[in-house]
Amino acid sequence: MNGSHATGSPYAPHTDDELEAMLEAVGVDSVEDLFDIPEDVRFDDEFGIDARSERETRRLVRSTLSKNDTLTELLGRGHYGYYVPSLVDHLADRAEFLTSYTQYQPEISQGFLQALFEYQSLLVELTGLEVANCSMYDAATALGEAATLAERVRSTSGHRVLVPDLLREGRRSTLENYVAGTDLEVESYPTDDANVDLAALEDAVDDDVVMVYAENPTVRGTIEEGLVEIGDVADEAGALFVLGSDPIALSLLQKPSDVGADVVVGDASVLGLGTSYGMGLGLFATREEFLRQVPGRLVGASEDATGRRAFTLTLQTREQHIRRERATSNICTNQAWVALRTAIHAASLGPSGLVDLAKRGVTRAEDLAERVDALTGVAAPVHDRRHFREFVAHVDQPATAIAEDLEDLGFAVHVVGEHEIQLCVAGVPDEALDRFVVALREVVR
(Lines give C-alpha, C1' and ligand atoms only; values in the text may rest on other atoms or scores of the structure.)
Protein backbone atom coordinates (compact mmCIF):
# COMPACT_ATOMS: atom_id res chain seq x y z
CA MET A 1 0.00 0.00 0.00
CA ASN A 2 1.50 3.32 -1.03
CA GLY A 3 -0.94 5.37 1.02
CA SER A 4 -1.13 8.17 -1.57
CA HIS A 5 -4.80 8.58 -0.67
CA ALA A 6 -3.73 9.98 2.69
CA THR A 7 -2.34 13.14 1.13
CA GLY A 8 -4.13 13.10 -2.18
CA SER A 9 -0.82 13.06 -4.01
CA PRO A 10 1.00 10.18 -5.71
CA TYR A 11 4.25 12.05 -5.02
CA ALA A 12 3.91 11.87 -1.21
CA PRO A 13 3.26 8.15 -0.62
CA HIS A 14 2.56 7.83 3.11
CA THR A 15 0.25 5.39 4.87
CA ASP A 16 -2.22 6.66 7.43
CA ASP A 17 -0.03 5.29 10.21
CA GLU A 18 3.08 7.02 8.81
CA LEU A 19 1.21 10.29 8.48
CA GLU A 20 -0.05 10.08 12.06
CA ALA A 21 3.47 9.35 13.32
CA MET A 22 4.93 12.36 11.53
CA LEU A 23 2.20 14.70 12.78
CA GLU A 24 2.78 13.47 16.32
CA ALA A 25 6.53 14.07 15.95
CA VAL A 26 6.01 17.73 15.04
CA GLY A 27 3.22 18.22 17.56
CA VAL A 28 0.16 18.95 15.41
CA ASP A 29 -3.15 17.17 14.92
CA SER A 30 -3.52 17.46 11.12
CA VAL A 31 -1.72 18.43 7.95
CA GLU A 32 -3.94 21.53 7.86
CA ASP A 33 -2.31 22.73 11.09
CA LEU A 34 1.04 23.00 9.29
CA PHE A 35 -0.22 25.88 7.16
CA ASP A 36 -1.31 29.38 8.11
CA ILE A 37 -3.12 30.63 5.03
CA PRO A 38 -5.58 33.52 5.48
CA GLU A 39 -9.14 32.66 4.50
CA ASP A 40 -9.36 35.47 1.96
CA VAL A 41 -6.52 34.01 -0.14
CA ARG A 42 -7.33 30.31 0.26
CA PHE A 43 -8.28 28.47 -2.92
CA ASP A 44 -11.96 27.55 -2.77
CA ASP A 45 -11.92 25.27 -5.82
CA GLU A 46 -13.18 28.10 -8.04
CA PHE A 47 -10.93 30.29 -10.20
CA GLY A 48 -13.64 32.84 -10.97
CA ILE A 49 -12.67 32.91 -14.63
CA ASP A 50 -15.43 32.57 -17.20
CA ALA A 51 -14.86 29.95 -19.87
CA ARG A 52 -14.10 31.49 -23.26
CA SER A 53 -13.35 30.25 -26.72
CA GLU A 54 -9.88 30.69 -28.20
CA ARG A 55 -11.08 33.63 -30.30
CA GLU A 56 -12.68 35.33 -27.29
CA THR A 57 -9.59 34.74 -25.17
CA ARG A 58 -7.29 36.23 -27.80
CA ARG A 59 -9.58 39.26 -28.08
CA LEU A 60 -9.56 39.76 -24.30
CA VAL A 61 -5.76 39.46 -24.04
CA ARG A 62 -5.28 41.82 -26.98
CA SER A 63 -7.60 44.36 -25.37
CA THR A 64 -5.77 44.10 -22.03
CA LEU A 65 -2.33 44.48 -23.56
CA SER A 66 -3.45 47.46 -25.62
CA LYS A 67 -3.82 49.40 -22.38
CA ASN A 68 -0.05 49.32 -21.83
CA ASP A 69 1.91 52.45 -22.61
CA THR A 70 4.07 52.07 -25.69
CA LEU A 71 7.20 54.04 -24.90
CA THR A 72 10.45 54.44 -26.77
CA GLU A 73 12.97 53.41 -24.15
CA LEU A 74 16.30 55.17 -23.86
CA LEU A 75 16.98 53.04 -20.79
CA GLY A 76 20.24 51.25 -20.10
CA ARG A 77 22.26 50.89 -16.91
CA GLY A 78 22.84 47.17 -17.40
CA HIS A 79 19.82 46.23 -19.52
CA TYR A 80 20.24 46.65 -23.28
CA GLY A 81 17.76 45.74 -25.99
CA TYR A 82 19.50 45.26 -29.31
CA TYR A 83 17.68 44.06 -32.40
CA VAL A 84 17.60 40.26 -32.40
CA PRO A 85 17.60 38.75 -35.92
CA SER A 86 14.67 36.43 -36.72
CA LEU A 87 17.25 33.74 -37.41
CA VAL A 88 17.75 33.42 -33.64
CA ASP A 89 14.08 32.60 -33.03
CA HIS A 90 13.80 30.23 -35.97
CA LEU A 91 16.78 28.14 -34.87
CA ALA A 92 16.44 28.36 -31.08
CA ASP A 93 12.73 27.47 -31.24
CA ARG A 94 13.41 24.08 -32.81
CA ALA A 95 11.88 21.31 -30.69
CA GLU A 96 15.18 19.60 -29.95
CA PHE A 97 16.38 22.76 -28.24
CA LEU A 98 13.16 23.81 -26.47
CA THR A 99 12.56 20.36 -25.00
CA SER A 100 16.15 19.72 -23.93
CA TYR A 101 17.00 19.78 -20.26
CA THR A 102 20.49 19.42 -18.81
CA GLN A 103 22.70 17.49 -21.19
CA TYR A 104 23.56 14.69 -18.76
CA GLN A 105 23.41 12.09 -21.54
CA PRO A 106 26.02 13.25 -24.04
CA GLU A 107 25.27 10.42 -26.48
CA ILE A 108 21.91 12.06 -27.28
CA SER A 109 22.92 15.71 -26.74
CA GLN A 110 25.90 16.23 -29.03
CA GLY A 111 24.31 19.05 -31.04
CA PHE A 112 23.34 21.10 -28.03
CA LEU A 113 26.61 20.40 -26.24
CA GLN A 114 28.55 21.60 -29.27
CA ALA A 115 26.46 24.80 -29.39
CA LEU A 116 27.32 25.46 -25.75
CA PHE A 117 30.98 24.68 -26.40
CA GLU A 118 30.93 27.27 -29.19
CA TYR A 119 29.35 29.78 -26.79
CA GLN A 120 32.11 29.15 -24.27
CA SER A 121 34.69 29.48 -27.04
CA LEU A 122 33.18 32.85 -28.00
CA LEU A 123 33.65 34.14 -24.46
CA VAL A 124 37.19 32.77 -24.30
CA GLU A 125 38.07 34.64 -27.49
CA LEU A 126 36.47 37.89 -26.35
CA THR A 127 37.99 37.87 -22.85
CA GLY A 128 41.35 36.25 -23.58
CA LEU A 129 40.82 34.04 -20.52
CA GLU A 130 40.97 30.27 -20.87
CA VAL A 131 37.76 29.06 -19.19
CA ALA A 132 34.13 30.13 -19.56
CA ASN A 133 30.80 28.57 -18.65
CA CYS A 134 27.08 29.09 -19.33
CA SER A 135 25.48 28.61 -15.93
CA MET A 136 25.11 32.02 -14.31
CA TYR A 137 21.64 33.48 -13.87
CA ASP A 138 22.72 37.05 -14.64
CA ALA A 139 25.51 39.57 -14.10
CA ALA A 140 24.71 39.97 -10.40
CA THR A 141 24.97 36.26 -9.58
CA ALA A 142 28.14 36.03 -11.66
CA LEU A 143 29.61 38.79 -9.50
CA GLY A 144 28.58 36.96 -6.36
CA GLU A 145 30.20 33.75 -7.61
CA ALA A 146 33.38 35.68 -8.42
CA ALA A 147 33.57 36.90 -4.83
CA THR A 148 33.20 33.44 -3.31
CA LEU A 149 35.73 32.08 -5.82
CA ALA A 150 38.16 34.80 -4.73
CA GLU A 151 37.75 33.74 -1.11
CA ARG A 152 38.51 30.11 -2.03
CA VAL A 153 41.59 30.70 -4.19
CA ARG A 154 43.33 33.59 -2.44
CA SER A 155 46.50 32.25 -0.82
CA THR A 156 46.42 34.53 2.23
CA SER A 157 43.66 35.41 4.66
CA GLY A 158 41.37 38.34 3.95
CA HIS A 159 37.72 39.27 3.92
CA ARG A 160 37.24 42.58 2.06
CA VAL A 161 35.60 42.80 -1.37
CA LEU A 162 35.96 46.25 -2.99
CA VAL A 163 33.42 47.55 -5.49
CA PRO A 164 32.96 51.02 -7.06
CA ASP A 165 30.61 53.40 -5.26
CA LEU A 166 28.57 53.68 -8.47
CA LEU A 167 27.75 49.95 -8.55
CA ARG A 168 24.08 49.32 -9.34
CA GLU A 169 22.03 48.75 -6.22
CA GLY A 170 20.66 45.44 -7.48
CA ARG A 171 24.08 44.02 -8.21
CA ARG A 172 25.45 45.14 -4.87
CA SER A 173 22.54 43.68 -2.91
CA THR A 174 22.90 40.35 -4.73
CA LEU A 175 26.62 40.35 -3.98
CA GLU A 176 25.92 41.05 -0.31
CA ASN A 177 23.41 38.21 -0.21
CA TYR A 178 26.03 35.89 -1.69
CA VAL A 179 28.64 36.69 0.92
CA ALA A 180 26.22 36.80 3.86
CA GLY A 181 27.15 33.25 4.89
CA THR A 182 30.88 33.88 4.64
CA ASP A 183 33.43 36.11 6.36
CA LEU A 184 33.49 38.43 3.34
CA GLU A 185 32.47 42.06 3.63
CA VAL A 186 31.55 44.32 0.71
CA GLU A 187 33.02 47.83 0.78
CA SER A 188 32.95 50.71 -1.70
CA TYR A 189 35.86 52.66 -3.11
CA PRO A 190 35.50 56.14 -4.67
CA THR A 191 35.11 57.02 -8.32
CA ASP A 192 36.13 60.27 -9.98
CA ASP A 193 34.14 61.59 -12.95
CA ALA A 194 32.48 58.12 -13.21
CA ASN A 195 35.79 56.24 -13.48
CA VAL A 196 37.89 54.60 -10.79
CA ASP A 197 39.74 57.03 -8.52
CA LEU A 198 43.09 55.22 -8.66
CA ALA A 199 44.66 57.12 -5.76
CA ALA A 200 41.67 56.37 -3.53
CA LEU A 201 41.69 52.74 -4.62
CA GLU A 202 45.38 52.41 -3.73
CA ASP A 203 44.63 53.83 -0.29
CA ALA A 204 41.74 51.39 0.19
CA VAL A 205 43.61 48.23 -0.84
CA ASP A 206 45.66 46.28 1.68
CA ASP A 207 46.52 42.66 2.42
CA ASP A 208 43.00 42.08 3.71
CA VAL A 209 41.41 42.60 0.28
CA VAL A 210 40.48 39.43 -1.61
CA MET A 211 38.84 41.01 -4.66
CA VAL A 212 38.75 44.31 -6.53
CA TYR A 213 35.84 44.82 -8.93
CA ALA A 214 35.60 47.38 -11.74
CA GLU A 215 33.40 47.78 -14.81
CA ASN A 216 34.09 48.71 -18.42
CA PRO A 217 31.99 50.43 -19.59
CA THR A 218 30.78 51.85 -16.29
CA VAL A 219 27.17 52.10 -15.18
CA ARG A 220 27.14 55.71 -16.41
CA GLY A 221 28.41 54.74 -19.84
CA THR A 222 31.99 55.95 -19.51
CA ILE A 223 34.89 53.89 -20.82
CA GLU A 224 37.25 53.03 -17.95
CA GLU A 225 40.71 54.39 -18.72
CA GLY A 226 42.80 52.88 -15.91
CA LEU A 227 42.21 49.14 -16.20
CA VAL A 228 45.90 48.21 -16.29
CA GLU A 229 46.57 50.29 -13.18
CA ILE A 230 43.55 48.79 -11.39
CA GLY A 231 44.85 45.32 -12.20
CA ASP A 232 48.29 46.23 -10.89
CA VAL A 233 46.84 47.51 -7.60
CA ALA A 234 44.89 44.28 -7.12
CA ASP A 235 47.84 42.11 -8.08
CA GLU A 236 50.24 43.82 -5.68
CA ALA A 237 47.83 43.08 -2.83
CA GLY A 238 47.37 39.48 -3.92
CA ALA A 239 43.69 40.15 -4.65
CA LEU A 240 41.72 38.96 -7.65
CA PHE A 241 40.87 41.59 -10.26
CA VAL A 242 37.30 41.03 -11.46
CA LEU A 243 36.07 43.00 -14.47
CA GLY A 244 32.44 43.56 -15.44
CA SER A 245 31.56 43.90 -19.13
CA ASP A 246 29.46 42.27 -21.88
CA PRO A 247 30.13 40.55 -25.24
CA ILE A 248 29.39 43.59 -27.40
CA ALA A 249 31.62 45.90 -25.39
CA LEU A 250 34.34 43.22 -25.20
CA SER A 251 34.53 43.06 -28.99
CA LEU A 252 35.82 46.65 -29.08
CA LEU A 253 37.29 47.61 -25.71
CA GLN A 254 40.53 46.42 -24.08
CA LYS A 255 40.73 42.64 -23.79
CA PRO A 256 40.46 41.68 -20.10
CA SER A 257 43.45 39.32 -20.26
CA ASP A 258 45.60 42.23 -21.45
CA VAL A 259 44.78 44.35 -18.39
CA GLY A 260 45.36 41.63 -15.79
CA ALA A 261 41.78 40.54 -15.15
CA ASP A 262 41.46 37.24 -13.32
CA VAL A 263 37.69 36.91 -13.77
CA VAL A 264 35.24 38.55 -16.18
CA VAL A 265 31.54 38.76 -15.32
CA GLY A 266 28.60 40.48 -16.91
CA ASP A 267 25.43 39.88 -18.86
CA ALA A 268 25.80 37.99 -22.13
CA SER A 269 22.13 38.38 -23.04
CA VAL A 270 22.86 41.67 -24.80
CA LEU A 271 23.01 39.22 -27.71
CA GLY A 272 20.08 36.91 -28.41
CA LEU A 273 17.49 38.28 -26.00
CA GLY A 274 15.28 41.33 -25.95
CA THR A 275 15.32 43.67 -22.97
CA SER A 276 13.68 41.91 -20.04
CA TYR A 277 14.83 44.02 -17.04
CA GLY A 278 15.45 40.93 -14.96
CA MET A 279 16.08 37.71 -16.85
CA GLY A 280 19.54 37.48 -18.34
CA LEU A 281 22.50 35.23 -18.98
CA GLY A 282 25.42 35.59 -16.64
CA LEU A 283 28.82 35.81 -18.27
CA PHE A 284 31.62 34.10 -16.31
CA ALA A 285 35.17 33.58 -17.59
CA THR A 286 38.39 33.05 -15.69
CA ARG A 287 41.96 31.82 -15.84
CA GLU A 288 42.79 28.16 -16.33
CA GLU A 289 44.45 27.97 -12.92
CA PHE A 290 40.99 28.37 -11.38
CA LEU A 291 39.42 25.68 -13.58
CA ARG A 292 38.37 23.40 -10.75
CA GLN A 293 36.91 26.31 -8.81
CA VAL A 294 34.60 27.56 -11.57
CA PRO A 295 30.92 27.48 -10.49
CA GLY A 296 28.24 25.90 -12.62
CA ARG A 297 28.53 23.77 -15.71
CA LEU A 298 31.35 23.41 -18.22
CA VAL A 299 31.14 21.73 -21.60
CA GLY A 300 34.34 20.02 -22.65
CA ALA A 301 35.61 18.48 -25.90
CA SER A 302 36.85 14.90 -25.80
CA GLU A 303 36.82 11.74 -27.95
CA ASP A 304 34.40 8.85 -28.03
CA ALA A 305 35.33 5.16 -28.14
CA THR A 306 35.94 5.34 -31.87
CA GLY A 307 38.23 8.36 -31.69
CA ARG A 308 35.69 10.89 -32.96
CA ARG A 309 35.46 14.34 -31.38
CA ALA A 310 32.70 14.42 -28.78
CA PHE A 311 31.33 16.88 -26.23
CA THR A 312 30.28 16.32 -22.63
CA LEU A 313 29.65 18.09 -19.35
CA THR A 314 32.93 17.93 -17.49
CA LEU A 315 34.35 18.37 -13.98
CA GLN A 316 30.89 17.92 -12.50
CA THR A 317 32.28 17.04 -9.08
CA ARG A 318 32.52 20.81 -8.52
CA GLU A 319 28.73 21.08 -8.54
CA GLN A 320 26.23 20.74 -5.75
CA HIS A 321 24.17 18.08 -7.54
CA ILE A 322 27.07 15.61 -7.52
CA ARG A 323 28.94 16.06 -4.22
CA ARG A 324 27.27 18.61 -2.01
CA GLU A 325 29.97 18.54 0.63
CA ARG A 326 32.62 19.47 -1.95
CA ALA A 327 30.56 21.86 -4.06
CA THR A 328 32.13 25.13 -5.13
CA SER A 329 28.71 26.74 -5.59
CA ASN A 330 24.98 26.31 -5.24
CA ILE A 331 24.57 27.41 -8.86
CA CYS A 332 23.20 24.39 -10.67
CA THR A 333 21.14 26.03 -13.37
CA ASN A 334 20.94 25.15 -17.01
CA GLN A 335 21.14 28.40 -18.97
CA ALA A 336 21.68 26.37 -22.11
CA TRP A 337 18.83 27.68 -24.24
CA VAL A 338 19.59 31.32 -23.44
CA ALA A 339 23.30 30.74 -24.14
CA LEU A 340 22.30 29.08 -27.41
CA ARG A 341 20.45 32.23 -28.46
CA THR A 342 23.48 34.36 -27.61
CA ALA A 343 25.75 32.04 -29.63
CA ILE A 344 23.43 32.11 -32.64
CA HIS A 345 23.20 35.91 -32.58
CA ALA A 346 26.97 36.28 -32.27
CA ALA A 347 27.59 33.78 -35.08
CA SER A 348 25.11 35.56 -37.36
CA LEU A 349 26.95 38.85 -36.82
CA GLY A 350 30.40 37.37 -37.22
CA PRO A 351 33.55 39.06 -35.87
CA SER A 352 33.31 42.13 -38.09
CA GLY A 353 29.57 42.53 -37.53
CA LEU A 354 30.05 42.37 -33.76
CA VAL A 355 32.74 45.05 -33.90
CA ASP A 356 30.57 47.22 -36.15
CA LEU A 357 27.70 46.94 -33.67
CA ALA A 358 30.01 47.98 -30.84
CA LYS A 359 31.40 50.94 -32.82
CA ARG A 360 27.86 52.14 -33.47
CA GLY A 361 27.35 52.15 -29.71
CA VAL A 362 30.17 54.67 -29.41
CA THR A 363 29.39 56.90 -32.37
CA ARG A 364 25.61 57.02 -31.89
CA ALA A 365 25.92 57.81 -28.17
CA GLU A 366 28.40 60.60 -28.82
CA ASP A 367 26.27 61.95 -31.67
CA LEU A 368 23.17 62.06 -29.48
CA ALA A 369 25.15 63.73 -26.68
CA GLU A 370 26.28 66.42 -29.10
CA ARG A 371 22.73 67.01 -30.30
CA VAL A 372 21.17 67.31 -26.84
CA ASP A 373 24.08 69.44 -25.64
CA ALA A 374 23.06 71.99 -28.27
CA LEU A 375 19.67 72.42 -26.58
CA THR A 376 19.11 75.29 -24.16
CA GLY A 377 18.99 73.99 -20.60
CA VAL A 378 20.90 70.75 -21.30
CA ALA A 379 24.60 69.90 -20.99
CA ALA A 380 25.90 66.56 -22.24
CA PRO A 381 27.77 64.46 -21.51
CA VAL A 382 28.27 65.22 -17.83
CA HIS A 383 31.51 63.24 -17.76
CA ASP A 384 34.43 64.46 -19.85
CA ARG A 385 35.25 60.98 -21.21
CA ARG A 386 34.55 58.67 -24.11
CA HIS A 387 31.24 56.86 -23.80
CA PHE A 388 29.81 53.54 -24.88
CA ARG A 389 26.11 53.13 -25.56
CA GLU A 390 24.90 55.65 -22.96
CA PHE A 391 25.74 58.87 -21.17
CA VAL A 392 24.47 61.20 -18.45
CA ALA A 393 23.07 64.63 -19.32
CA HIS A 394 22.58 67.60 -16.98
CA VAL A 395 19.25 69.40 -17.18
CA ASP A 396 18.64 72.80 -15.60
CA GLN A 397 15.10 71.86 -14.56
CA PRO A 398 14.42 69.07 -12.03
CA ALA A 399 15.24 65.77 -13.69
CA THR A 400 12.10 64.04 -12.40
CA ALA A 401 9.87 66.65 -14.03
CA ILE A 402 11.78 66.33 -17.30
CA ALA A 403 11.40 62.53 -17.24
CA GLU A 404 7.67 62.79 -16.54
CA ASP A 405 7.16 65.25 -19.40
CA LEU A 406 9.17 62.99 -21.73
CA GLU A 407 7.02 60.03 -20.70
CA ASP A 408 3.90 61.98 -21.67
CA LEU A 409 5.49 62.40 -25.11
CA GLY A 410 6.29 58.69 -25.40
CA PHE A 411 9.88 58.39 -24.13
CA ALA A 412 11.37 56.68 -21.07
CA VAL A 413 14.69 57.79 -19.53
CA HIS A 414 16.52 57.12 -16.28
CA VAL A 415 16.66 59.79 -13.58
CA VAL A 416 20.07 59.44 -11.91
CA GLY A 417 20.36 62.73 -10.03
CA GLU A 418 18.43 65.79 -9.04
CA HIS A 419 19.38 67.40 -12.35
CA GLU A 420 20.69 64.38 -14.28
CA ILE A 421 19.09 61.99 -16.72
CA GLN A 422 20.77 59.05 -18.43
CA LEU A 423 20.21 58.27 -22.09
CA CYS A 424 20.97 55.01 -23.89
CA VAL A 425 20.95 54.49 -27.66
CA ALA A 426 21.14 50.68 -27.71
CA GLY A 427 18.33 49.24 -29.80
CA VAL A 428 16.75 52.64 -30.46
CA PRO A 429 16.27 53.36 -34.21
CA ASP A 430 17.78 56.54 -35.62
CA GLU A 431 14.37 58.02 -36.43
CA ALA A 432 13.28 57.47 -32.82
CA LEU A 433 16.36 59.37 -31.63
CA ASP A 434 15.41 62.21 -33.96
CA ARG A 435 11.95 62.34 -32.37
CA PHE A 436 13.48 62.21 -28.91
CA VAL A 437 15.62 65.27 -29.56
CA VAL A 438 12.51 67.16 -30.69
CA ALA A 439 10.66 66.03 -27.55
CA LEU A 440 13.53 66.98 -25.24
CA ARG A 441 13.74 70.42 -26.85
CA GLU A 442 10.05 70.90 -26.12
CA VAL A 443 10.20 69.90 -22.43
CA VAL A 444 13.36 71.81 -21.46
CA ARG A 445 12.44 75.20 -22.89
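For the structure, see preceding data.
Fair warning: this is a prediction, and the values are worked out from it, not measured in the lab.

(A) Examining the overall build of the protein chain more closely. Along its length, the protein chain carries 13 helices and 17 strands. For the protein chain, the C-alpha atoms occupy an extent of roughly 80 × 60 × 50 Å along the three principal directions. The buried share of the protein chain, reckoned over its 445 residues, is 48%. A separation of at least 24 residues holds for 69% of the contacts in the protein chain among residues at least 6 apart in sequence.

(B) Quick peek at the layout of surface pockets. What the largest pocket holds in volume is close to 440 Å³. Leu122, Glu125, Ala346, Ala347 and Pro351 are, among the 22 residues lining the largest pocket, the residues nearest its centre. Of all elements in the fold, only α5 (110-127) and α11 (336-373) reach the threshold of two or more residues within the lining of the largest pocket. Residue contributions to the lining of the largest pocket peak at nine residues, all from α11. The residue makeup of the lining of the largest pocket, split by class, is 16 nonpolar, two polar and four charged.

(C) Seen up close, empty space enclosed by the protein. Evaluated as defined, the whole model comprises four cavities of 30 Å³ or more. The calculated volume of the largest cavity comes to roughly 120 Å³. Elements with a contribution of two residues or more to the lining of the largest cavity: β8 (240-245) and β9 (263-267). Residues of the lining of the largest cavity, tallied by class, amount to three nonpolar, five polar and six charged.

(D) Spotlight on the environment of Ser276. Looking at where Ser276 falls in the secondary structure, it is placed in the loop between β9 and β10 (282-286). The exposure class assigned to Ser276 is partly exposed, which follows from its relative accessible area of 37%. Taking the C-alpha atoms as reference points, Ser276 and Thr15, separated by 261 residues in sequence, lie 46 Å from one another.

(E) Quick look at the pattern of salt bridges. Applying the stated criterion across every chain, the model contains 19 salt bridges. The partner of Arg341 in a salt bridge is Asp89, with the nearest N and O atoms 2.9 Å apart. Of this pair, Arg341 sits in helix α11 while Asp89 sits in helix α3 (residues 86-92), placing them 252 residues apart in sequence. Judged by relative accessible area, Asp89 falls into the partly exposed class, the value being 34%. As a salt-bridge pair, Asp304 and Arg308 come within 3.0 Å of each other at their nearest N and O atoms. The network of salt bridges with shared partners includes Glu32, Glu39 and Arg42.

(F) View of the nonpolar core. The biggest cluster of nonpolar side chains holds 67 residues, and the ones touching the most others in it are Tyr119, Leu201, Val205, Val212, Ile230, Phe241 and Ile248. In terms of residue count, the dominant contributor to this core is α11 (11 residues). Beyond its immediate sequence surroundings of up to four residues, Ile230 is in contact with Val196, Leu198, Leu201, Val212, Ala214, Glu224 and Phe241. Ala380, Phe411, Leu423 and Val428 belong to the second-largest nonpolar core, a separate cluster that totals 29 residues.

How each quantity is defined
- Residues numbered from 1 in each chain as written.
- Predicted model: local features only at pLDDT ≥ 70, side-chain atom pairs only at ≥ 80, totals over all residues.
- Heavy atoms only, no water.
- Helix = DSSP H or I, 4+ residues; strand = E, 2+ residues; numbered from the N terminus.
- Buried < 20%, exposed > 50% of the residue type's maximum accessible area, 1.4 Å probe, protein only.
- Contact = heavy atoms within 4.5 Å.
- 1 Å grid on protein atoms, 1.4 Å probe; cavity = no way out; pocket = protein on both sides within 12 Å on 5 of 7 lines; lining within 4 Å.
- Points joined across faces, edges and corners; volume = space filled by probe spheres on them.
- Nonpolar A, V, L, I, M, F, W, Y, C, P; charged D, E, K, R; others polar.
- Salt bridge = Lys/Arg side-chain N within 4 Å of Asp/Glu carboxyl O.
- Core = buried A, V, L, I, M, F, W, Y, C linked by side-chain atoms within 4.5 Å.

Any functional reading would require information beyond the geometric quantities listed.
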